[in-house]
Amino acid sequence: MGKLDVAMLRYLTAEDFRVLTAVEMGMKNHELVPGSLVASIANLRHGGVHKLMKELCKHRLLTYERGKHYDGYRLTNAGYDYLALKALTNRKVIASFGNQIGVGKESNIYTVADEDRNPLCLKLHRLGRTCFRNIKDKRDYHAHRNRASWLYLSRISATKEFAYMKALYDRDFPVPKPIDFNRHCVVMQLVSGGPLTHISSVADAESLYDELMNLIVRLGNCGVIHGDFNEFNIMIDEDNHPIIIDFPQMVSTSHPNAELYFDRDVRCVREFFKKRFGYVSEDYPKFSDLERDDELDTEIACSGYKRTKDVDNELLEEMGIGLQVSDDEVESDDDEEAEGKSKMTEEDLDELRKEVDASIQNDERPVHQITSKTVN
Ligand code: ADP
Ligand code: MG
């Protein structure tokens, strides 16, 4: 994935947006969406959808591919980026784009700015690119559905991240202020300062250590464990206080492996402080110290709070994301699709058309109308 081609945002029309959204909806249960199906879902007043799709392929927002059983269209990474960025621009959350400032394991981070030129941080979640390749060899069963699921997994990851960030921010945890999210993109406050891993020495290692351990305990008392509490996900601001980032993998303290995750977070901090600052303390929190005083996990319904036997949850865990996924998020009718018969009824189509309308409406809604309902 290269640079974001944001110039594209300007010259693509509302019809292009609708066609891309239709392909996105079609990908819920098709790895490749037949052109006739896109036309049917997009339901453009004056037709001409095939010409538009051809244009979108030229700009690499769509690809046309030959499948084993039938041919069809697929959203590219860039196409999915476009949908999210266009929506965030329409909503006036972001007005301009800056530089890429980070590449995480499963994300790309950019600086952006709002209409008043306030700098913000944009995180694009990219699940499934590297992970699926690894898993593909091992688990052929998943290989097929995964190709179509990357966008849903990325979306779920961003949605969860926003939900956690909001819940934590509302409880005065030191996290970036969440601004908005759309699909696989989260917009948040740009933290000044850098990650703890860039810090070579601190004036007062003990007080920073205490602050971090207190945060782990405070999170635990709210019913959650960060799950990746390391020097890359702890930013240090100008006043030398920590700001915690990166939340998609957070788990409930009721998760069967909660103690393990909790101890790992604690150990991460201890080992880093020993290695980097030569600071060792025998004072560190234990899982049994936690005194639950909040239900943040229930609020977000994170992993461990409610278990299902869905194989896709297993898959998510294998990928290192313990997320609760509702069935319709990853539903995909492999067998029917493999046989090439699209068993979509007129009602199914109608449902998809409605979803396209609802999605476009949501993408145009001003940001202040976002309620906590949207994040679930
Ligand atoms: P990943 O899930 O891929 O690890 P992170 O959320 O940890 O992504 O972000 C990756 C890097 O991007 C961080 O280590 C940090 O340097 C930078 N970053 C992330 N969020 C912000 C932010 N809000 N402000 C400033 N820098 C950020
Ligand atoms: Mg990270």
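Our subject is the structure listed above.
1. Points about the site of ligand 1
Near ligand 1, the surroundings consist of 19 residues, among which Ser107, Lys123, Val191, Asn233 and Asp246 are the closest. A distance of 3.5 Å separates an oxygen atom of ligand 1 from a polar atom in the backbone of Glu106. Note that an oxygen atom of ligand 1 is positioned 3.0 Å from one of the backbone N or O atoms of Phe232. Elements with a contribution of two residues or more to the shell around ligand 1: strand S4 (107-113), strand S5 (119-125) and strand S7 (185-189). Of the residues contributing to the shell around ligand 1, the split by class is 11 nonpolar, 4 polar and 4 charged.

2. Examining the packing of aromatic side chains
Tallying each qualifying case throughout the model produces 11 aromatic pairs. Relative to Phe273, the ring of Tyr209 lies with its centre 5.6 Å away and its plane at 75 degrees, an arrangement referred to as edge-to-face. Taken together, the residues span a long stretch of sequence, with Tyr209 in helix H8 (residues 205-221) and Phe273 in helix H9 (residues 258-277) at a distance of 64 residues. For Phe273, a relative accessible area of 0% puts it in the buried group. Look at Phe273 and Tyr279: their rings are 6.3 Å apart centre to centre, the planes differ by 75 degrees, and that puts the pair in the edge-to-face class. A residue is classified by how much of its surface remains accessible, and Tyr279, at 17% relative accessible area, is buried. Directly above the ring of Phe173 sits Arg218, whose terminal nitrogen or CZ lies 4.0 Å from the centroid. The ring of Tyr284 has Lys286 lying over it, and the distance from NZ or CZ to the ring centre is 4.1 Å.

3. Section: the nonpolar core
Core analysis: the largest hydrophobic core is formed by 47 residues, its most contacted members being Val19, Leu20, Met27, Val38, Leu62, Leu75 and Leu122. In terms of nonpolar packing, the next biggest core, distinct from the first, is built from 45 residues, Tyr164, Phe229, Ile236 and Leu296 among them.

4. Some words on the pattern of salt bridges
Enumeration according to the criterion identifies 19 salt bridges in this entry. Between Arg353 and Glu346 there is a salt bridge, with the nearest N and O atoms lying 3.6 Å from each other. In the salt-bridge network here, residues are joined through shared partners; they are Glu24, Arg183 and Asp363.

5. Describing the coordination of the magnesium ion (ligand 2)
Taken together, Asn233 (OD1) and Asp246 (OD) make up the protein donors of the magnesium ion (ligand 2), found 2.1 Å from the metal. A residue pair is termed long-range when its members are at least 10 positions apart, and Asn233 in the loop between strand S9 (224-225) and strand S10 (234-236) and Asp246 in the loop between strand S11 (242-244) and strand S12 (251-252) qualify at 13 residues. Asp246 shares its class with Asn233; the two are buried.

6. Some details on helix H5 (residues 77-90)
The terminal C-alpha atoms of H5 lie 20 Å apart, and with 14 residues this matches the ideal 20 Å at 1.5 Å per residue to within 8%. Across the 14 residues that make up H5, a large majority, 10, are buried. Residues of H5 that are buried: Gly79, Tyr80, Asp81, Tyr82, Leu83, Ala84, Leu85, Lys86, Ala87 and Leu88. Looking one or two residues past H5, Lys92 carries a phi angle of roughly 60 degrees, positive in sign.

Definitions and cut-offs
Residues numbered from 1 in each chain as written. Chains lettered and ligands numbered in written order. Predicted model: local features only at pLDDT ≥ 70, side-chain atom pairs only at ≥ 80, totals over all residues. Heavy atoms only, no water. Near = heavy atom within 4 Å. Polar contact = N/O pair within 3.5 Å; in protein donor to acceptor, adjacent residues only side chain to side chain. Helix = DSSP H or I, 4+ residues; strand = E, 2+ residues; numbered from the N terminus. Nonpolar A, V, L, I, M, F, W, Y, C, P; charged D, E, K, R; others polar. Phe/Tyr/Trp six-rings, centres within 6.5 Å; stacked < 30°, edge-to-face > 60°. Buried < 20%, exposed > 50% of the residue type's maximum accessible area, 1.4 Å probe, protein only. Lys NZ or Arg CZ within 6 Å of the ring centre and 35° of its normal. Core = buried A, V, L, I, M, F, W, Y, C linked by side-chain atoms within 4.5 Å. Salt bridge = Lys/Arg side-chain N within 4 Å of Asp/Glu carboxyl O. Donors = N, O, S within 2.8 Å, 3.2 Å for Na, K, Ca; no water. Expected span 1.5 Å × (residues − 1).

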